[in-house]
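# Descriptive structure summary
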Amino acid sequence: MKTHFYLLALVSLFLFTSNAQVFTDSNLPIVIVTTTGGAPIEDDPRIVAHMGVIDNGPGVQNYLTDPFTNYDGRIEIEIRGSTSQQYPKKGYGFETQDSLGMNAQVALLGMPVENDWILYGPYPDKTMIRNVLTFDIFRQMGHYASNTRYCELTINGDYRGVYVMMERIKRDNDRVVIEDVHEPNTWNDTLTGGYIVKVDKLTGDVPYSWESDYDDEVVFQFHDPEYDELNSFQQTYMEDYIKEFEDVLWGSNYNDPINGWPKYIEPQTFHDFFIMQELGRTVDGYRSSSFLFKDKNTLTWNARLNAGPMWDFNLSFGNADYCDADLTTGWQYNFDNICNFSTAIPFWWERLLSDPGYANGLKCRWEELRQGPLKTSTINNFIDSVANHIQTARIRNFQRWPIIGVYVNWNGFVGNTYQEDLDYLKNYIEQRSLWMDANMPGNCNLAATELEFEAEYHRAWPNPFNDNINIGFSLFNEGDVEIHVLDLSGRLIKTVNVGHKDGGAHAVNIENLNVKSGNYLYNVIVENEVLYSGKLIKM
């Protein structure tokens, strides 16, 4: 078997000593990458290599002498990242392939099947937790974020330390769930989605980008599909959509309930994106590695622009010492007033916050999350559980990379021990949360059955939900109201006859919505016309 060939040929190399620490086994999965003839892995192009993964299951120790139990096959691999490439501990992107070099869909370390993966090597984040924590919180908030699994990595017999196996952001039924783009995609509903774009800096091979009409330092790029996978109709559609959104948002009627910003963006995703960027006070936040996606429109769902998923939080939560990023006070969306970089923050965030309705919705969402995934004790428990999980492995990691107590660009804090770095992270999040409690814009007066609902116009809470959910909406004229709950194919699941309602704010509690876990849609229908649409997430 190929497994035994690689294992027997290299086992003597793996049983090595690094700063007096012999690596023979781990409670974490072990990932072994072997390049042909020991060739170095470069930034570009990808090279062919073999990867074996030893994962004997939860609670079972993994030994270098064990057979490859999770993956044993070909990959194409390259160094990835932008700023992170300066660090000696590199990050890698790779694709799993069959023996002919075709994409091989596999379930690495129990994650959903795919072929596109990342080995993230935490380095300036000495807790090795910031990205994993961010993604976990965002998932609890009801959104997709990259699944993650800690592991230990060797490349050509060289122990590289603790890594995080994670999913690359892309369109997929188990990742960003939007419609696939197919040719010709040039007419009507077919053209409208799905697309993933990002606001980012221009590094690496970027075949095409475009700038905001309102700030040439705000740069958009196609992410998935990539630019060269799109035809001219598709490229133009997405550029025009963002341009139209910016034009409307810049205009005097930007908060019009029908033709203003609510027509173009999904507010809760923008609220949650803002909350995570601000909680982390992410030094690159909003202006770099900031993803957006848009699904295809359908007869029952007018897909709008969504903010997310989260990405690149290694220099967040106080872990950057420039441009006030280590402060627990102040708003990160005002970054351009503090520092002048080659990339800028879109004007969207400040403009949206000037609308009381948007701000009120943000305040309500913050208060809701502070009772759940953003509760300080919940966050601390997660941090402690991860630290315990990687405890033995991180000792080896810091023998390989002896940086505890050493300044690494651009640490906002340098602890003398791992525990001091961990305590700093927890304290930063607590203090930052308290400041945001006291300074979050807007007003919120939500109750379970009554809602003073301002110009966000419609909202569902709690979302994600178990069996019961509230849907609030504002009417500008009286009318007969129904609420429809649908699956993503548009199939009607439940109809709630709300009855005749006057203009103003209303809230309806839907009990015993017994559906399977997943994503659903709701329509608020007034006088037989859809007034609002939104997404529901069943836990």
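First things first, this report covers the structure right here in the doc. Source: prediction; values computed, not measured. (Residues numbered from 1 in each chain as written. Predicted model: local features only at pLDDT ≥ 70, side-chain atom pairs only at ≥ 80, totals over all residues. Heavy atoms only, no water.)

## Focus: the side chain of His50
Structurally, His50 can be placed in strand E5 (residues 47-54). Of note is the side chain of His50, whose polar atom sits 2.7 Å from the side chain of Asp72. (Helix = DSSP H or I, 4+ residues; strand = E, 2+ residues; numbered from the N terminus. Polar contact = N/O pair within 3.5 Å; in protein donor to acceptor, adjacent residues only side chain to side chain.)

## Let's talk about the sheet that holds strand E12 (residues 195-199)
Think of a sheet as strands paired side by side through backbone hydrogen bonds, with each pair either parallel or antiparallel. The five strands are arranged E13-E14-E12-E15-E16 in an open sheet whose pairing can be described as antiparallel. The outermost strands of the open sheet, each flanked by one partner alone, are strand E13 (210-212) and strand E16 (305-307). The mean inter-strand angle of the sheet, taken between neighbouring strand axes irrespective of direction, is 35°. Alignment of E12 against strand E14 (residues 215-224), held across four bridges, turns out to be antiparallel. By the bridge assignment, Val197 is partnered in E14 with Phe222. Sheet contacts for helix H4 (residues 267-280): strand E15 (290-294) and E16; angle to E16, the most-contacted strand, approximately 25°. (Pairing = 2+ DSSP bridges. Axes fitted to C-alpha atoms, helices over the stretch in contact; angles between N-to-C directions. Contact = heavy atoms within 4.5 Å.)

## Some points on the layout of surface pockets
As a volume, the second largest pocket reaches approximately 680 Å³. If you go around the second largest pocket, you meet 37 residues; those closest to its centre are Gly142, His143, Asn519, Lys535 and Ile537. Ranked by the residues each element gives to the lining of the second largest pocket, the list is headed by strand E23 (residues 529-538), at four residues. Class assignment for the residues of the lining of the second largest pocket results in 15 nonpolar, 14 polar and eight charged. (1 Å grid on protein atoms, 1.4 Å probe; cavity = no way out; pocket = protein on both sides within 12 Å on 5 of 7 lines; lining within 4 Å. Points joined across faces, edges and corners; volume = space filled by probe spheres on them. Nonpolar A, V, L, I, M, F, W, Y, C, P; charged D, E, K, R; others polar.)

## A closer look at the packing of helix H7 (residues 376-389) against helix H9 (residues 418-439)
Packed helices, taken two at a time, are described by the angle their axes make and the gap between the axes. As a packed pair, H7 and H9 sit with axes 10 Å apart at the nearest point and diverge in direction by 160°. Of the possible angle classes, the one that applies to H7 and H9 is roughly antiparallel. The handedness of the crossing between H7 and H9 comes out as right-handed. Only Tyr418, Leu422, Leu425, Lys426, Ile429 and Glu430 of H9 make contact with H7, whose side of the interface consists of Thr376, Ile379, Asn380, Ile383, Asp384 and Ala387. (Parallel < 35°, antiparallel > 145°, perpendicular 65-115°, else oblique. Left-handed = near helix turned anticlockwise from the far one by under 90°.)

## Some remarks on the packing of aromatic side chains
Counting across every chain of the model gives 39 aromatic pairs. Judged by centre distance (6.4 Å) and plane angle (40°), the ring pair of Phe270 and Trp348 falls under tilted. Note that Phe270 is positioned in helix H4 and Trp348 in helix H5 (residues 348-353), a separation of 78 residues in sequence. Of the two residues, Phe270 and Trp348, neither departs from the other in class, the shared state being buried. Taking NZ or CZ as reference, Arg175 lies 5.0 Å from the ring centre of Trp117, over its face. (Phe/Tyr/Trp six-rings, centres within 6.5 Å; stacked < 30°, edge-to-face > 60°. Buried < 20%, exposed > 50% of the residue type's maximum accessible area, 1.4 Å probe, protein only. Lys NZ or Arg CZ within 6 Å of the ring centre and 35° of its normal.)

## As for the packing of helix H6 (residues 356-370) against H9
For the pair H6 and H9, interaxial distance at closest approach is 11 Å and the crossing angle is 140°. Between H6 and H9, the crossing angle belongs to the class labelled oblique. Both H6 and H9 take part in a crossing whose hand is left-handed. Here Lys363, Trp366 and Arg370 of H6 come into contact with H9, specifically with Ser433, Leu434, Met436 and Asp437. By residue class, the composition of the contact of H6 with H9 is three nonpolar, one polar and three charged.

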